[in-house]
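Coordinate inspection notes
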Amino acid sequence: MPSDFQKLRVGQGYDSHRLVEGRDFILGGLKIEHDKGLDGHSDADVLLHAVIDAVLGATGKGDIGRWFPDTDPEHKDACSKELLRKVWTSCQNEGWTLVNVDCLVCLEKPKLASHIETIEQNISELLKGKPSQVNVKATTGEKMGFVGREEGVFSSVTILLFNENLKTV
């Protein structure tokens, strides 16, 4: 196997949050008009939380709960964009760069088609990449399960990172 392939790492992330009244609906760093928002200790941005976990998985740095425990009042209502910036800065300092990230958001409402491009731009800026390196897609629960009943939202993310500084075996 060529040594450059040994400098690639894959990570995956998953997150889910309940939908509740009285909260803003924040997704991919974007406030989207909706009658409910995502419940959580921070702003509950289910997509950026999954991106954070994917990054941490690829780089072997644990998970979002270790970095930003929901028992820590410092992170109460924290902006998930800031949480991702903190994680990504640490990774960049070790030489990690984005190859690509593929994101899935599963929700009944709101419809995301008109927001996807902005969300992809947000994620590419946060990861210091290009919009062409970020793919966001949305699907529904087809009226099944907690997503279909509009009780919550989940996101799944796969990321590929490269680090020129990694020693090859």
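Here goes a summary of the coordinates provided. Small disclaimer: the values here were computed from a predicted structure and weren't measured.

1. Quick look at the pairing of strand β1 (residues 8-20)
Two strands pair when backbone bridges link them, and β1 and strand β7 (residues 152-163) are joined in this way by eleven bridges, in the antiparallel orientation. Bridge assignment links Asp15 to a residue of β7, and that residue is Ser155. Where β1 and strand β4 (residues 37-38) come together, two bridges link them in antiparallel fashion. By the bridge assignment, Leu19 is partnered in β4 with Leu38.

2. Things to note about the environment of Ala54
If you trace the backbone, Ala54 turns up in helix α1 (residues 46-59). For the pair Ala54 and Leu160, spaced 106 residues apart in sequence, the C-alpha separation works out to 8.9 Å. Residue contacts for Ala54: discarding those within four places in its chain leaves Gly11, Gln12, Gly13, Val157 and Ile159.

3. Some thoughts on the pattern of salt bridges
Evaluated as defined, the whole model comprises eleven salt bridges. For Glu108, the salt bridge identified is with Lys143, shortest N-O distance 3.8 Å. Here Lys143 lies in the loop between β6 (134-139) and α5 (145-148) and Glu108 lies in the loop between β5 (96-106) and α4 (116-126), a separation of 35 residues in the sequence. On the basis of relative accessibility, which here comes to 6%, the residue Glu108 falls in the buried class. Put simply, Glu151 and Arg149 hold a salt bridge, and the shortest N to O gap is 2.9 Å. Classification of Glu151 by relative accessible area gives partly exposed; the value is 37%. What makes Arg149 exposed here is its relative accessible area of 51%. Via salt bridges that share partners, Arg23, Lys76 and Asp77 belong to a single interconnected network.

How each quantity is defined
- Residues numbered from 1 in each chain as written.
- Predicted model: local features only at pLDDT ≥ 70, side-chain atom pairs only at ≥ 80, totals over all residues.
- Heavy atoms only, no water.
- Pairing = 2+ DSSP bridges.
- Helix = DSSP H or I, 4+ residues; strand = E, 2+ residues; numbered from the N terminus.
- Contact = heavy atoms within 4.5 Å.
- Salt bridge = Lys/Arg side-chain N within 4 Å of Asp/Glu carboxyl O.
- Buried < 20%, exposed > 50% of the residue type's maximum accessible area, 1.4 Å probe, protein only.

That's the geometry; what it means functionally is another story.
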